[in-house]
Amino acid sequence: MKARKWITLALAGCISLSLAACGGGPAVYVQSVSQLMGYGGIAPGDRFGGMVVSEHVAEIRKDGDRTIAELLVQEGDDVKEGDPLFSYDTEELQLTLDKQRLELEQMQSSIENFKEQLEQLEKERKRVGGTAKLQYTVQIQTTEVELKETELKIKTKEAEVKKSEDILENATVTAPVTGRVQAINESGSGSSGMPQGENGEPAPYITIQKSGAYRIKGILGELQRGGITEGSKIKILSRTDPSKTWTGTVSLVDYENPVKDDGRGYGVVMMGEPGGDEMTAASRYPFYVKLDSTEGLLMGEHVYMELDSGEGSSFAVAVDGSFLVMEEDGSAYVWAENNHNKLEKRKVTLGAYNEMMNTYEVTEGLTAEDYIAFPDPNVCKEGVRTSHEPVAEPTGDAPDAMPEGDMGNMGDMGDMEMIPEGDMGEMLPEGGAEMPAEGEMMPEPELETEAPAEVPVETAAETTEGGE
């Protein structure tokens, strides 16, 4: 029993030393504000691509019943109003027109025949009487009906001939506006691969960006969704001359009309991000930047864009509402990392609230370079160590330190399987003798045979004194 108590006390001491060396429990995981703001894939300092486009676009659709003979422009060509774009096959159209004219002539000849028949029937009816006269009357009425039907068919055929003549005269389709050819849809299908556009109308064959007011077009990938919103300030930089910059404001993020990546590279693809992998094959959404000035920009020019913080000011910080703790008086604070890598409660001033994104603009008290922790009341305390790497959470509801009262349970060692109870006799001498000194061998246990004879206490004491 004494040996067991000795082991119990030793283990309790080791545990106490281990708890003392823990330094107040595990560190709290803190996250970069800029990364939190970049949940949409775009954070301050990120740069992405865009292209100068016109605010007005003209779409030219072709006649699906006709064959195109020649395409006269290419993507990127500058055109003026009235310039030829493509022409239809006139040979086929001419054959159609000739056929329609022939049919019209045949109908007109039928009209003359019907008139001659009616004149002849009227003469013959006057010469007869009785039942024969009634038969002539019925025959005349039938011929008059056929005459009226033929006259109606002639009017319809004349309209067809007129239309074909107009089409033949306009076999070459011209540009309705002055601008640049943005796209040519050779397949005749929409972005979804169907013969119609997104709203069911025929897909445009040629798209022309009208010259005039410019804007910047970009494409948001699914992973960047929410990273740019209407009203976001954008800084535009020239790809060829970094000293040339422009500013603008996002006027539209068109989530209603996702587009297919056309592979021309002016979508929002982060610098160094692959442009054609499986991730970028997801839905993509166009957004447009209204420019404060267009001086020096060219139609179709490729540019860089980045979120604009404004000269001499810090970037507008937007924090998810789950990282804020609201006080009863309306104020708010976050658990932020200080300069000593310790957690502190920091008051912040809130600005506009984005209900769709559940984010608050923080106007004071926090910057994009700060690190904050999720406000878990069980771990967030003043002065707790912080970590930029995720911290493994303890399993279950076990506390960081041993609960008060548990030390008393260690005396019986009921739940600790340190040394099997039956082996204690083999490891320690009977009677609770002291452990052998370092370097000495443990005495071999004696086999239990017969009970040893009792030694009088006085004799044992005398023997011990004599041995000393």
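Up top you'll find the structure we're talking about.
The rules behind these values
- Residues numbered from 1 in each chain as written.
- Predicted model: local features only at pLDDT ≥ 70, side-chain atom pairs only at ≥ 80, totals over all residues.
- Heavy atoms only, no water.
- Helix = DSSP H or I, 4+ residues; strand = E, 2+ residues; numbered from the N terminus.
- Buried < 20%, exposed > 50% of the residue type's maximum accessible area, 1.4 Å probe, protein only.
- Contact = heavy atoms within 4.5 Å.
- Areas by Shrake-Rupley, 256 points an atom, 1.4 Å probe, with all protein chains shown as cover.
- Core = buried A, V, L, I, M, F, W, Y, C linked by side-chain atoms within 4.5 Å.
- Axes fitted to C-alpha atoms, helices over the stretch in contact; angles between N-to-C directions.
- Parallel < 35°, antiparallel > 145°, perpendicular 65-115°, else oblique.
- Left-handed = near helix turned anticlockwise from the far one by under 90°.
- Nonpolar A, V, L, I, M, F, W, Y, C, P; charged D, E, K, R; others polar.

### Considerations on the overall build of the protein chain
1) Next: Of the regular secondary structure elements, the protein chain holds six helices and 22 strands.
2) Next: Out of the 468 residues belonging to the protein chain, those deemed buried represent 31%.
3) Next: In the protein chain, once contacts between residues fewer than 6 apart in sequence are set aside, the share between residues at least 24 apart is 74%.
4) Next: When the accessible area of the protein chain is evaluated, it comes to approximately 30200 Å², of which 50% is carbon and sulfur surface.

### Comments concerning the nonpolar core
1) Next: Formed by 19 residues in total, the largest nonpolar core has its most connected members in Ile216, Ile236, Phe287, Val289 and Met305.
2) Next: Elements that contribute at least two residues to this core include exactly strand E3 (48-54), strand E11 (214-221), strand E12 (233-238), strand E13 (245-253), strand E14 (284-291) and strand E15 (302-307).
3) Next: Apart from the residues lying within four places of it in its own chain, the contact partners of Met305 are Asp46, Arg47, Phe48, Gly49, Gly50, Ile216, Gly218, Ile234, Lys235, Ile236, Phe287 and Val289.
4) Next: By size, the runner-up hydrophobic cluster in this structure holds 15 residues, among which are Val79, Phe86, Ala175 and Tyr205.

### Structural notes on the packing of helix H3 (residues 90-126) against helix H4 (residues 131-169)
1) Next: Viewed as axis vectors pointing N to C, H3 and H4 meet at an angle of 160°, and their least axial separation amounts to 8 Å. Compared by their axis directions, H3 and H4 come out roughly antiparallel. The handedness of the crossing between H3 and H4 is left-handed.
2) Next: Each residue belonging to the contact of H3 with H4 can be placed in one class, and the counts come to 15 nonpolar, 11 polar and 14 charged.

### Thoughts on unusual backbone geometry
1) Next: Residue Asn341 is not a glycine yet carries a positive backbone phi of 60°.
2) Next: Counting through the fold element by element, Asn341 comes out in the loop between strand E18 (332-337) and strand E19 (343-354).

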